[in-house]
Each structure stands twice: as C-alpha cells, then as structure tokens.
Amino acid sequence: MTGGVLRLDPVERLSVQVTLHPGGTVFSVLKDVFRAPPERVPAQWRTALRMAVPTRALDAVRPVFAQGGCYMPDGLALIADLTTSNLAEVGAGLRALDPHRAAAEVSAYYDGAPPPAWRGLVDDPRGFLTAYALVVDAVAQALAPRWRRAEPLLSRETERVGAAVVTGAVDALLGTLPAPVRYQEGRMLLTHRCGIEALAGRPLVLMPLVAGYSSGMYGVDRDDAVWFAYPVPGLGHLATTGTPGDAAPPDGDPLGLVLGPVRSQILRRLPYRPTLGGLSRELSLSPSTLTYHCDQLAAAGLLHRERQGRQVVVTATPRGTALTELLADTRDD
C-alpha cells in the first residue's frame with residue numbers, strides 16, 4: 001500500500017467532534033477552480049468564482065494551487081483555528097499569519113529547496129499573503145449565498161455525527177467518510193503517507209464542506225486534533241436546484257440518520273440472509289453501487305459476505321445486529 005495508516009484509539013474512547021468551519025470549504029473550492037483535476041464544483045459556481053477573483057492577486061497564488069502536491073500548512077489551508085465558523089473571518093485568519101514564519105515553514109518542509117510553485121511565498125512572503133487574502137476574501141464573498149443555503153445540510157450533518165456519538169455508532173459513522181480516507185477496523189487508511197501512526201488521544205474533528213462533490217482533505221500532524229473534511233451529504237441537490245435536498249431520513253429513524261438511507265436499508269434486510277443479487281434487485285441498486293456500500297459496512301464491522309455456490313450471501317455481524325437493535329426505527333412507537 002502506498003498511502004498511510006492512522007491507528008485510532010478504541011472506539012469507546014474516541015472523542016469525535018464536528019466543526020462547521022468555512023475555511024476548508026473556501027480552500028477546497030480554490031483547489032477545484034484553479035487546478036486540475038477538478039473536484040466537481042458545479043460549472044456555474046466555478047465560472048462565478050473565477051469572475052469574482054482579482055486577476056493580479058490570482059496570478060500571484062495560482063502556481064500553488066496548480067501544483068500536484070498534497071502539502072499545505074494548515075494556516076495556508078485556511079484552517080489554523082478549527083473553531084472558526086464565520087465565513088467572513090477566513091481572510092482575517094490568513095492576515096493574522098506571520099508571513100516570514102509561513103515561508104520558513106514551507107521551506108523547512110522541503111529541506112530548504114521548495115519547488116518553483118512556492119517561490120512567490122519564499123521570495124516575497126508579505127506580498128504573497130496579501131494577494132492570497134484578497135483571493136480568499138473574493139471567494140468567501142461569492143460563496144456566502146451558497147453557504148447560507150447549505151445551513152440546513154450542515155445542521156443535519158451535525159445532528160448525524162451527534163447521534164452516532166451518543167449511541168456508540170462512531171465506527172459506523174467513520175465508515176461513511178469518502179475518499180481520500182477510508183475506515184477499516186480501527187484504522188483510517190489515508191491516500192498519502194503521513195509519518196504519523198496513531199491518534200494518541202487527540203480528538204477526531206469532522207469538517208463537512210460546501211464544495212465539490214468529490215472534495216476531501218485531512219490533516220493528521222497537529223498536536224491538538226486530527227481532522228477530516230468531506231462533502232456535506234445532500235450537496236448535489238443544492239448545486240443543481242439552489243436548495244438543500246431532502247436527504248434526511250424520516251423522523252424517528254436514527255439508524256438512517258447515522259448510516260444514511262441506503263446503508264440503513266441494507267442493514268435492516270440482513271436478518272433475512274439475502275444474496276447480493278437479491279439485495280440489488282430489492283433496493284434498485286446497481287451491483288457496483290451495492291458492492292461499494294457493502295464494502296463500507298464490512299469495513300465498519302457491520303456485515304459479513306460469504307460465497308455459497310454461485311451466490312454471495314450477506315449477513316449481519318454481531319455488531320451490526322446490535323447497532324440495528326440499538327437504533328431501531330421508533331416511528332411506530
């Protein structure tokens with residue numbers, strides 16, 4: 001495996017938090033708009049954002065976003081303070097950075113020989129950060145209406161994380177996180193090597209993004225937290241219609257709230273020992289989509305697949321059964 005592995009603390013001792021931090025969204029959008037490959041920010045958003053950014057300021061920072069590397073200090077990734085929740089404060093946080101310290105941090109990471117994309121910061125730290133702050137201010141202002149429209153989705157995600165924490169379903173929650181991370185039996189599998197092997201008591205901070213459908217980031221080298229950023233569920237409907245989608249499970253369905261509607265439906269059918277083919281037909285899911293969701297549930301230790309002749313039978317593990325019973329549908333109570 002070429003990526004990294006982060007060992008988590010035992011699930012019962014994990015501290016999981018959610019932050020509605022807008023800096024991750026602004027940075028993720030900047031990555032998409034000004035570099036390839038895109039992370040599927042809707043075309044109309046991309047065009048509006050490009051028109052909103054001052055050209056000269058953009059030219060100064062474009063090389064950093066056009067590069068293919070994954071390194072970015074948290075301050076320049078706009079998430080130095082994980083408690084920020086005001087979109088208008090993102091640029092202020094960037095202006096509070098010490099320009100020369102930021103340049104020294106980048107230079108040290110590359111052993112004193114940063115690649116050409118970083119020459120603007122290294123050669124003129126104050127000028128680079130001034131231009132970057134102008135770009136961030138313009139993007140934040142352009143994103144403000146979409147951020148406001150996404151507030152119901154962000155509130156719903158906060159509720160989902162909270163429900164998983166109070167019901168002891170944190171491992172199931174982590175199994176729903178998309179790339180560039182993947183949960184597997186007490187570990188987070190990371191796209192890139194990180195040099196950090198264990199959570200070591202730090203809180204795990206989840207950061208939903210109002211950005212591209214495939215956007216995602218993580219940071220594991222802070223002393224105070226490990227954070228994972230991912231597209232807020234329901235974002236696709238917001239992008240196409242301008243209003244949040246009806247992605248919430250019905251009232252009284254805590255299992256659907258924690259796992260999402262598809263995975264909760266899969267888990268509820270497992271007492272009947274369905275085959276993969278039968279589940280695919282019953283839930284109107286393509287085989288590849290069903291396999292993806294089953295992979296995530298298996299990684300969370302909630303289901304087991306066993307080949308029996310020409311069929312694959314799917315059953316719940318003891319943990320899967322316990323979670324289903326704990327988060328039983330209460331609508332008929």
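Residues numbered from 1 in each chain as written. Predicted model: local features only at pLDDT ≥ 70, side-chain atom pairs only at ≥ 80, totals over all residues. Heavy atoms only, no water.

### Digging into the overall build of the protein chain
The number of helices and strands found in the protein chain is 15 helices and 9 strands. About 15,600 Å² of surface is accessible on the protein chain, with carbon and sulfur atoms providing 52% of the total. (Helix = DSSP H or I, 4+ residues; strand = E, 2+ residues; numbered from the N terminus. Areas by Shrake-Rupley, 256 points an atom, 1.4 Å probe, with all protein chains shown as cover.)

### Concerning the sheet that holds strand β1 (residues 4-7)
Pairing is antiparallel across the open sheet formed by 3 strands, whose spatial order is β1-β4-β3. At either end of the open sheet lies a strand with only one pairing partner, and these are β1 and β3 (181-184). Strand-to-strand twist in this sheet, taken as the mean axis angle between neighbours without regard to direction, amounts to 25°. Sheet topology places β3 next to strand β4 (residues 187-190); 4 bridges connect them, and they run antiparallel. Paired with Q184 across the strands is R187, a residue of β4. (Pairing = 2+ DSSP bridges. Axes fitted to C-alpha atoms, helices over the stretch in contact; angles between N-to-C directions.)

### Quick word on the nonpolar core
Most often, soluble globular proteins keep nonpolar side chains buried together rather than apart. By size, the foremost hydrophobic cluster in this structure holds 54 residues, and its most contacted members are V26, L76, Y132 and V139. Residue contributions to this core peak at 14 residues, all from helix α7 (residues 125-149). Once you skip the residues sitting within four places of it in the chain, V139 turns out to touch V26, V29, L30, L49 and V53. If you look at the next biggest cluster of nonpolar residues, it comprises 46 residues, including L177, L276, L285 and L303. (Core = buried A, V, L, I, M, F, W, Y, C linked by side-chain atoms within 4.5 Å. Buried < 20%, exposed > 50% of the residue type's maximum accessible area, 1.4 Å probe, protein only. Contact = heavy atoms within 4.5 Å.)

### Re the packing of aromatic side chains
Counted by the stated rule, this structure contains 8 aromatic pairs. When the centroid spacing of 6.3 Å and the interplanar angle of 55° are considered together, the rings of Y71 and W118 count as tilted. Of this pair, Y71 sits in the loop between α3 (55-66) and α4 (90-95) while W118 sits in the loop between α5 (99-109) and α6 (119-123), and the two are 47 residues apart along the sequence. Each of the two residues, Y71 as well as W118, counts as buried. With centroids separated by 4.9 Å and ring planes inclined at 85°, the aromatic side chains of Y109 and Y110 adopt a geometry described as edge-to-face. Exposure remark for Y110: the relative accessible area of 23% places this residue in the partly exposed category. (Phe/Tyr/Trp six-rings, centres within 6.5 Å; stacked < 30°, edge-to-face > 60°.)

### Brief notes about the pattern of salt bridges
For the structure shown, the criterion picks out 10 salt bridges. For E282, the salt bridge is made with R269, and the minimal N-O distance between the two is 2.8 Å. In this pair, E282 sits in helix α13 (residues 276-283) while R269 sits in helix α12 (residues 261-269), placing the two residues 13 residues apart along the sequence. Of the charged contacts in the structure, one is a salt bridge between D295 and R305, with a shortest N-O distance of 2.9 Å. Pair noted here: D295 is in helix α14 (residues 287-299) and R305 is in strand β8 (residues 303-308), with a separation of 10 residues, a long-range link. (Salt bridge = Lys/Arg side-chain N within 4 Å of Asp/Glu carboxyl O.)

### A few points about the packing of α12 against α14
Between α12 and α14, the shortest axis-to-axis distance is 10 Å and the interhelical angle comes to 75°. Viewed along their axes, α12 and α14 adopt a mutual orientation that is roughly perpendicular. On the side of α12, the interface is formed by V262, R263 and I266, while α14 contributes L290, Y292, H293, C294, Q296 and L297. When its residues are assigned to classes, the contact of α12 with α14 shows 6 nonpolar, 2 polar and 1 charged. (Parallel < 35°, antiparallel > 145°, perpendicular 65-115°, else oblique. Nonpolar A, V, L, I, M, F, W, Y, C, P; charged D, E, K, R; others polar.)

### Overview of α5
Inspection of α5 places P99, A102, A103, V106 and S107 among the buried residues, and these make up the whole buried set. One side of α5 carries all its buried residues, which in axial view fall inside an arc of 130°. Of the exposed residues in α5, the ones pointing more than 90 degrees away from its buried face are H100, R101 and A108. For α5, the secondary structure elements touched by its buried residues are α6 and α7. Two to three positions downstream of the cap, the backbone nitrogen of H100 sits 2.9 Å from a side-chain oxygen, assigning the N-cap of α5 to D98. Count one or two residues on from α5 and you reach D111, which has phi positive near 55°. (Arc of directions from axis to C-beta. Polar contact = N/O pair within 3.5 Å; in protein donor to acceptor, adjacent residues only side chain to side chain.)

### What to know about unusual backbone geometry
The amide bond that connects A179 to the next residue, P180, takes the cis arrangement and shows omega of 20°. If you trace the backbone, P180 turns up in the loop between α9 (170-174) and β3. Phi is positive for L78, close to 75°, though the residue is something other than glycine. With respect to the element layout, L78 can be found in the loop between α3 and α4. Even without being a glycine, R273 presents a positive backbone phi close to 50°. Position of R273 relative to the elements: it lies in the loop between α12 and α13.

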